[in-house]
Amino acid sequence: MEQSHEIIDTNKEYEELLLKVGTTLEKGRSRVAAAIKTIMVDTYWEIGRDIVEYEQDGHEKAEYGSEVLSRLSQDLTNRYGKGFSRSNVVYMRKLYNVYPNRQTLSDQLSFSHYVELLKIEDPMERSFYEKECASEGWGVRELKRQMKSMLFHRIALSSDKNEVMRLAQEGQIIESAEDIIKEPYVFEFTGLPELPVYKEGDLEDALTNNLSQFFLELGKGFTYVGRQQKMVISGRTYKVDLVFYHRILKCFVLIDLKRGEVQHEDIGQMNFYLNYYKEEMNTDGDSDPIGIVLGAYQDKLVVQYALQGISNQVFVSRYQLYLPEREQLEAEFRRFMEDSESNKE
């Protein structure tokens, strides 16, 4: 019997050893992968530098430069295998030109990240996505989605010029309720049609069925609490469409979805929900809850009057089921920056 206990104890100790070794191995592999990623970015940056220096040695001619890149791509592929398509060689050259100081490159990003970032011509916009990529651990797929959804412009247009500059230099900093609001929210990942004939519940279903994409759109700090969260008040039951908790702001975030236009009574209803959460759901350490009413469109004057006199943090924003027009948002952003500059004067 004692021998049996020893075998059991030995097996338990062995399982602990196996778990410990496995954890160590996973950590090691992660470090190796990170090191390889950094080494490859370094290597491609140096190749870009070699190409630029070659051009500066008197070999630079527009038509000849194009031939050199094509020839170099072909010869490198023949000699070293895949990874040296002409477009990759072009981006190696561009990597050096845009980041002439190697120390400004992030060790947390891969060359594939930089290929996407180098497609952005505006330095402020590129800097924002680079900072967010590194701090939020976005993969290339997430980066592409955020670039397509014009995240930088949507956040910038709800800020002042000083905040835009900070946004470009530091990424998104969450310090207040205003910092988590976007205009508009983009839900193209739901797959719902642009001109919907669906119930509000269909949008709710689509969002909760795509939580990882929904979190990416909401931004940093959100954790999911649930949908159709019940509140029983004086024997009557009320429901909030979606409830989250924000880890950074330390508060509940309530979201109500409206299929069409946001009405003044929708804002009053959200204020009612926030009062309940403040009194009944908040615990020690929680900040006041935030309410977001999302509609397909809104009358700004109606919203303005409906929000007057409300002490709770209620916000009204739009959502759209398709990616925004880049040209339109860029034009709005340029006007915004020009107006900010003229007002400053």
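Reading the values: the criteria
- Residues numbered from 1 in each chain as written.
- Predicted model: local features only at pLDDT ≥ 70, side-chain atom pairs only at ≥ 80, totals over all residues.
- Heavy atoms only, no water.
- Helix = DSSP H or I, 4+ residues; strand = E, 2+ residues; numbered from the N terminus.
- Contact = heavy atoms within 4.5 Å.
- Areas by Shrake-Rupley, 256 points an atom, 1.4 Å probe, with all protein chains shown as cover.
- Lys, Arg positive; Asp, Glu negative; His and termini not counted.
- Charge placed at Lys NZ, Arg CZ, Asp CG, Glu CD.
- Salt bridge = Lys/Arg side-chain N within 4 Å of Asp/Glu carboxyl O.
- Buried < 20%, exposed > 50% of the residue type's maximum accessible area, 1.4 Å probe, protein only.
- Patch = residues over 30% accessible without salt bridge, like charges linked within 9 Å, V, L, I, M, F, W, Y side chains within 5 Å.
- Phe/Tyr/Trp six-rings, centres within 6.5 Å; stacked < 30°, edge-to-face > 60°.
- Polar contact = N/O pair within 3.5 Å; in protein donor to acceptor, adjacent residues only side chain to side chain.

> Talk me through the overall build of the protein chain; I want residue IDs and the actual numbers.
A tally of helices and strands in the protein chain yields 13 helices and 6 strands. Its C-alpha atoms put the protein chain at 85 × 80 × 40 Å along the principal axes. Sequence-distant contacts in the protein chain: of pairs separated by 6 or more residues, those separated by 24 or more amount to 65%. As presented, the protein chain carries roughly 19,900 Å² of accessible surface, and 49% of it is formed by carbon and sulfur atoms. Within the protein chain, the 59 negative side-chain charges are centred at a point lying 4 Å from the centre of the 43 positive side-chain charges.

> Can you tell me about the pattern of salt bridges, naming the residues and giving the values?
Considering all chains together, one arrives at 22 salt bridges under this definition. Between Glu-136 and Lys-220 there is a salt bridge, with its nearest N and O atoms 3.5 Å apart. Of this pair, Glu-136 sits in helix α5 (residues 123-136) while Lys-220 sits in the loop between α10 (211-218) and β2 (222-233), placing them 84 residues apart in sequence. A salt bridge links Arg-227 to Glu-204, with the nearest nitrogen and oxygen atoms 2.8 Å apart. With a gap of 23 residues between them, Arg-227 in strand β2 and Glu-204 in helix α9 (residues 200-208) connect regions that are remote in the sequence. A residue is classified by how much of its surface remains accessible, and Arg-227, at 30% relative accessible area, is partly exposed. Through salt bridges with shared partners, a single ionic network connects Arg-145, Arg-154, Glu-188 and Glu-217.

> Please set out the environment of Asp-75 residue by residue, giving values where relevant.
With respect to the helices, strands and loops of the structure, Asp-75 is situated in helix α2 (residues 62-80). Since its relative accessible area comes to 38%, Asp-75 is described here as partly exposed. In sequence terms Asp-75 and His-113 are 38 residues apart; their C-alpha atoms lie 25 Å from each other.

> Go over a nonpolar patch on the surface, please, and point to the residues and values.
A cluster of nonpolar side chains, contributed by Tyr-14, Leu-17, Leu-18 and Val-21, occupies part of the molecular surface with about 390 Å² of accessible area. Mapped onto the secondary structure, Leu-17 falls in helix α1 (residues 2-59). Residue class for Leu-17 comes out partly exposed when judged on its relative accessible area of 47%.

> How would you sum up the packing of aromatic side chains? Please name residues and give values.
Counted by the stated rule, this structure contains 19 aromatic pairs. With 5.8 Å between their ring centres and 90 degrees between their planes, Phe-222 and Phe-244 make a pair best called edge-to-face. Linking Phe-222 in strand β2 with Phe-244 in strand β3 (residues 236-246), this pair joins segments that are 22 residues apart in sequence. Across this residue pair, the class does not change: Phe-222 and Phe-244 are buried. Clustering of aromatic rings is evident, with ring pairs tying together Tyr-185, Phe-187, Phe-189, Phe-214, Phe-215, Phe-222, Tyr-224, Phe-244 and Tyr-319.

> An account of the side chain of Asp-179 is needed here, citing residue identities and associated values.
Checked against the element boundaries, Asp-179 lands in the loop between α8 (161-170) and β1 (185-186). Despite its burial, Asp-179 pairs with no opposite charge, the nearest such side chain being Arg-166 at 5.3 Å. From its side chain, Asp-179 meets the backbone nitrogen of Ser-176 in a polar contact 3.0 Å long. Not counting chain neighbours up to four residues away, the residues in contact with Asp-179 comprise Gln-172, Ile-173 and Ile-174.

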